[in-house]
Amino acid sequence: MKKLIFILVLCCSSFHAGAAESKLEQIQLETDLPAVERGADALMNACHTCHSLKYITYRDLVKFGMDKKKVSDWRGDQPLDTALTSQLSDETAIQSYGIVPPDLSLIAKAREGGPSYVYSYLIGYYITPEGMTGNHVFPETRMPDMMGMSGATDPVQRAELQAKARDIVSFLAWAADPHEEERHKLGYYVIGYLLVLTAMLFVVKNQIWSRLK
Amino acid sequence: MAESDTLGDTDRRNFLIKVTSVVGGAGAAAACIPFVASMNPSSDVLAKATTEADLSGIPEDGVHTVAWQGKPIFIFHRTQEEIKAMEASDGGLDPEPDKKRVIHPEWLVVVGICTHLGCVPNKEGPGWTCHCHGSQYDDSGRVTRGPAPKNLAVPPYRFIAADKILIGEA
Amino acid sequence: MKSRVIKWIDQRFPFSSFVKHDLTEYPTPRNLSYWWNFGFLAGFVLVLQVATGIFLAMHYKADVTLSFDSIQHIMRDVNFGWLLRYMHSTGASAFFLVIYIHMARTLYYGSYRAPRELMWWTGQGLLLLLMATAFMGYLLPWGQMSFWGATVITNLFRATPFFGDQVVVWLRGDFGVGDATLTRFFALHYLLPFLIIGGVLVHLVALHTVKSSNPSGIDLAAKDNIPFHPYFTIKDFYGLGIFLIVYCIFVFFLPNSLMEPANNIPANPMQTPTHIVPEWYFLPFYAILRSVPNLVGGVVAMGLSVMVFSFMPYLDRSRIPGGAHYRPWYRVMFYLFVVDMLVLGYVGYIPPTDQSIMIGKIATIFYFAQFVLLPFISRKEEQWLIRCGLPPEVETLIASEAKEKNKLPHQRRIGDIK
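Criteria and cut-off values
Residues numbered from 1 in each chain as written. Chains lettered and ligands numbered in written order. Predicted model: local features only at pLDDT ≥ 70, side-chain atom pairs only at ≥ 80, totals over all residues. Heavy atoms only, no water. Helix = DSSP H or I, 4+ residues; strand = E, 2+ residues; numbered from the N terminus. Rg over C-alpha atoms; globule rule 2.2 N^0.38 Å. Buried < 20%, exposed > 50% of the residue type's maximum accessible area, 1.4 Å probe, protein only. Contact = heavy atoms within 4.5 Å. Buried area = accessible area lost by both parts, 1.4 Å probe. Salt bridge = Lys/Arg side-chain N within 4 Å of Asp/Glu carboxyl O. Polar contact = N/O pair within 3.5 Å; in protein donor to acceptor, adjacent residues only side chain to side chain. Nonpolar A, V, L, I, M, F, W, Y, C, P; charged D, E, K, R; others polar. Expected span 1.5 Å × (residues − 1). Phe/Tyr/Trp six-rings, centres within 6.5 Å; stacked < 30°, edge-to-face > 60°. Lys NZ or Arg CZ within 6 Å of the ring centre and 35° of its normal. Patch = residues over 30% accessible without salt bridge, like charges linked within 9 Å, V, L, I, M, F, W, Y side chains within 5 Å. Areas by Shrake-Rupley, 256 points an atom, 1.4 Å probe, with all protein chains shown as cover. Domains from an automatic or database assignment. Disulfide = S-S within 2.5 Å. Core = buried A, V, L, I, M, F, W, Y, C linked by side-chain atoms within 4.5 Å.

A. The overall build of chain C, seen in detail. Broken down by element type, chain C carries 16 helices and two strands. Over its C-alpha atoms chain C spans a radius of gyration of 24 Å, differing by no more than 12% from the 22 Å that the globule rule assigns to 418 residues. The principal-axis extent of the C-alpha atoms belonging to chain C is close to 75 × 65 × 45 Å. Considering chain C as a whole, with its 418 residues, one finds that 52% of them fall into the buried category.

B. Structural view of the interface of chain A and chain C. Between chain A and chain C, the contact holds 42 residues from the first and 48 residues from the second. In total, chain A and chain C occlude about 4,300 Å² of area from one another, counting both sides; carbon and sulfur atoms represent 75% of this. Our count for the contact surface shared by chain A and chain C stands at zero salt bridges. Where chain A touches chain C, the interface holds eight residue pairs in polar contact (both at pLDDT 80 or more). If you list the elements that add at least two residues to the side of chain A that touches chain C, you get α1 (2–19), β1 (53–57), α7 (155–176) and α8 (180–209) of chain A. When residues of the side of chain A that touches chain C are assigned to their parent elements, the largest contribution, 17 residues, is made by α8(A). Looking at the side of chain A that touches chain C, its residues break down into 26 nonpolar, six polar and ten charged.

C. Summary view of helix α9 (residues 179–210) of chain C. For α9(C), spanning 32 residues, the distance from its first C-alpha to its last is 46 Å, which sits close to the expected 46 Å at 1.5 Å a residue. Burial in α9(C) covers these residues: Thr181(C), Leu182(C), Phe185(C), His189(C), Leu192(C), Pro193(C), Ile196(C), Gly199(C), His203(C), Ala206(C), Leu207(C) and His208(C).

D. Structural view of the packing of aromatic side chains. The final tally for this structure, using the stated rule, is 49 aromatic pairs over all chains. Their ring planes at 70 degrees and their centres at 5.3 Å tell us that Tyr367(C) and Phe368(C) sit as a pair that is edge-to-face. Each of the two residues, Tyr367(C) as well as Phe368(C), counts as buried. Connected via pairs of aromatic rings, a cluster forms that spans Trp209(A), Tyr26(C), Phe228(C), Tyr231(C) and Phe232(C). Taking NZ or CZ as reference, Arg12(C) lies 4.0 Å from the ring centre of Trp8(C), over its face. Above the ring of Tyr330(C), the side-chain terminus of Arg327(C) is found at 4.3 Å from the ring centroid.

E. Molecular detail of a nonpolar patch on the surface. Residues and elements named next belong to chain C. On the surface, Tyr190, Phe194, Ile197, Leu201 and Leu204 cluster together into a nonpolar patch covering about 440 Å² of accessible area. Within the secondary structure, Leu201 is located in helix α9. Judged by relative accessible area, Leu201 falls into the exposed class, the value being 52%.

F. Region of the structure containing the domain arrangement of chain A. When the domains of chain A are assigned, the result is domain 1 (24–178) and domain 2 (179–213). The distance between the C-alpha centroids of domain 1 of chain A and domain 2 of chain A comes to 42 Å.

G. View of the state of the cysteines. Counted by the stated rule, this structure contains one disulfide over all chains. Note that Cys119(B) is cross-linked by a disulfide to Cys132(B), the S-S spacing being 2.0 Å. On the sign convention where negative is left-handed, the bridge of Cys119(B) and Cys132(B), at about -90 degrees about the S-S bond, is left-handed. Taken together, the residues Cys119(B) in the loop between β4 (107–111) and β5 (122–123) and Cys132(B) in the loop between β6 (128–129) and β7 (136–137) connect sequence positions 13 residues apart. On the basis of relative accessible area, Cys132(B) is assigned to the partly exposed category, the value being 40%. Here Cys32(B) stays free of any disulfide, with the sulfur of Cys248(C) as its closest cysteine sulfur at 14 Å. Accessibility expressed as a relative area gives 42% for Cys32(B), which makes it partly exposed. The closest cysteine sulfur to the non-disulfide-bonded Cys114(B) is located on Cys130(B), 3.8 Å from its own sulfur.

H. Geometry of the nonpolar core. Membership of the largest hydrophobic core comes to 118 residues, with the highest contact counts inside it found for Phe243(C), Tyr247(C) and Tyr367(C). By residue number, the principal contributor to this core is helix α5 (residues 81–108) of chain C, which donates 16 residues. When residues no more than four places from it in sequence are discounted, the contact partners of Tyr367(C) are Phe285(C), Ile288(C), Ser305(C), Val308(C), Phe309(C), Phe337(C), Asp340(C), Met341(C) and Leu344(C). If you look at the next biggest cluster of nonpolar residues, it comprises 41 residues, including Ala40(A), Ala46(A), Ile123(A) and Met147(A).

I. A look at the interface of chain B and chain C. Counting from both sides, the interface comprises eleven residues of chain B and, opposite them, 17 residues of chain C. When the two sides are added together, the surface that chain B and chain C hide from each other amounts to roughly 1,200 Å², 67% of it contributed by carbon and sulfur. In this structure, the connection of chain B to chain C is made through zero salt bridges. In this structure, the connection of chain B to chain C is made through five residue pairs in polar contact (both at pLDDT 80 or more). Only α1 (7–37) and α2 (43–46) of chain B provide two or more residues apiece to the side of chain B that touches chain C.

J. Structural view of the environment of Ala152(A). Residues and elements named next belong to chain A. With respect to the secondary-structure elements, Ala152 resides in the loop between β4 (133–135) and α7. Once the C-alpha coordinates of Ala152 and Pro79 are considered, the two residues, 73 residues apart in sequence, prove to be 39 Å apart. Setting aside anything within four residues of it in sequence, one finds Ala152 in contact with Gln157, Arg158 and Leu161.

Here you go:
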């Protein structure tokens, strides 16, 4: 039985691994508060003008533990329960870019490859031989290179931008699954309890079955 | 099948079964918690547990109704005469001094739900009248005619600015 | 006090005799292996799915403008909503895993043979209900995969003779999958589990009439049967513990590995995702659908691939007991069939290429060929086994069980096993 489950798990995971784009840069996510907060800061400056996060409210940011003063700077005079909607109207967006920029609440879960996809996309900008900006991960993208990755040639500058992209991804990963930390924490307790209970059941089972002989 | 167990073995076995049952039962009970908890107000509902109300737009002798936790809250800007009249009496059926019902005497804040069976009373003349069963309240929200048994409730609130109150937190 | 209450009930309802007949003294073969745990596990997952489903339905909204948001509301705002939803979505996969193992056990040990045909057929009906329930439930989050999955599958009914197009529109209540479709899928997704519960009761009544099969495949005499309680209650609970550990690893640590990323994008009827795939439990059948280069042919092949299991009691002509256990040829066929299923599953997952379509076609032909050839192979195998002689332990077992059965009925009661 265990072998079968193992094989199945293996199949599932290999399916997913096989389908994910091999050219993605795998990143190790930082999920701690400072990283997420830095990411929020970067995102509010670089992305939030055009992209909304309609499932996240300013109250969620405060509840997660972000600096209250920063959050009130971002929200201005809007109530705490306002969602992070963008300032760009759909009509203007279509006029300038041809599409409505996607909502980012779930973006870290909505692409094959997840956070690694978003990170690789953000740092995937380059200058084509024709002098245009291209993107390795998503060539048809209509988003301009907001972080200036394509123009950055200096390794120090590139490293800085990569760190910034990593922070943004940290924030987006939190936004896509705000209960992840709580889930993992509870998971350790539940599985620990189940291991103890199953061990006890195993002993009881052996004792009861030893009556037959 | 041969019963080969000695008495000691049986005791130990029964003890183990009991302990396992208790551990398993505790787990099953704990597993019910998320199900029960999911029926409590969700975080977006709880976020509406407090309401901010702006008093600057309410004229003297005017009443504004705001929603707090889905209930109507009457905010009544009382005139000096009304304040004097109310401070002079202790109300009717459920005596209570006016001072205990307000923070600043010119602002009366009460839950606009008749204490009889839950209708919303109307502002008529001095005080409120509930049209469901004819209860009457004075300008302090105190019941002056039954069948309502109690005065209109005063919600927890506090002034967060000179002309702004936060209802839901004392 | 307790005995008086039970007595009061017993005069009005056969409570004690039910417990005695179907639990404390229900005779169960003592040689059942852990493969016999999966029926109980399926029942447990059914209860789990119904419970989490009812609590999710308290927060879900079946409306195209609201359903995606209401799922996010559950995931973010509802207390433990994320847990209930991940339990339900992981539970769907767990249900199929457990049922597939349950079916594989039945096939391996030949438990579908007389007198258990009705168990096999009620089980087949339950599988269809389960598939329908899972399919309809998958539309409810109203993501891109939900929408396009429902579109593709409802379109299969275009293969209906004469009225194809009308049937599709009737099923959807709209010209495409829309609000009417979502609302009716929700209604049916809530209804079908209760039909499944009814079907399970029939399945269990049949079981308690014919009793459990066992790995030897020989109908055991009383001496080798033991009461269900406490021996199999504790064994089932131990198995449940193992199952829950695996299940919880997925619920708490890998819940998104069982979901398609594209389903986190709200349904958009104007744009199909580049790579649409069904959930893993439908992949082999989906591969069969894709392997036939004709709409009607593909639909018929897919329907047949699920329904063909029903014929097993007639296709398997061998009377050798123990299923694959004592039958080397059948055992080879069984393992080849499992491998074939995995191949089909993989072909169903990857985007179609010339090569994968070719592999899919071969695997599909192989799938059906096994069923077609089974009557001849099983008959030949039986003749071969009788000629070479069965393994000696089987001969002894058959002889000893036959001898036991000649005893007088009162000597064969369960109580005598002490």
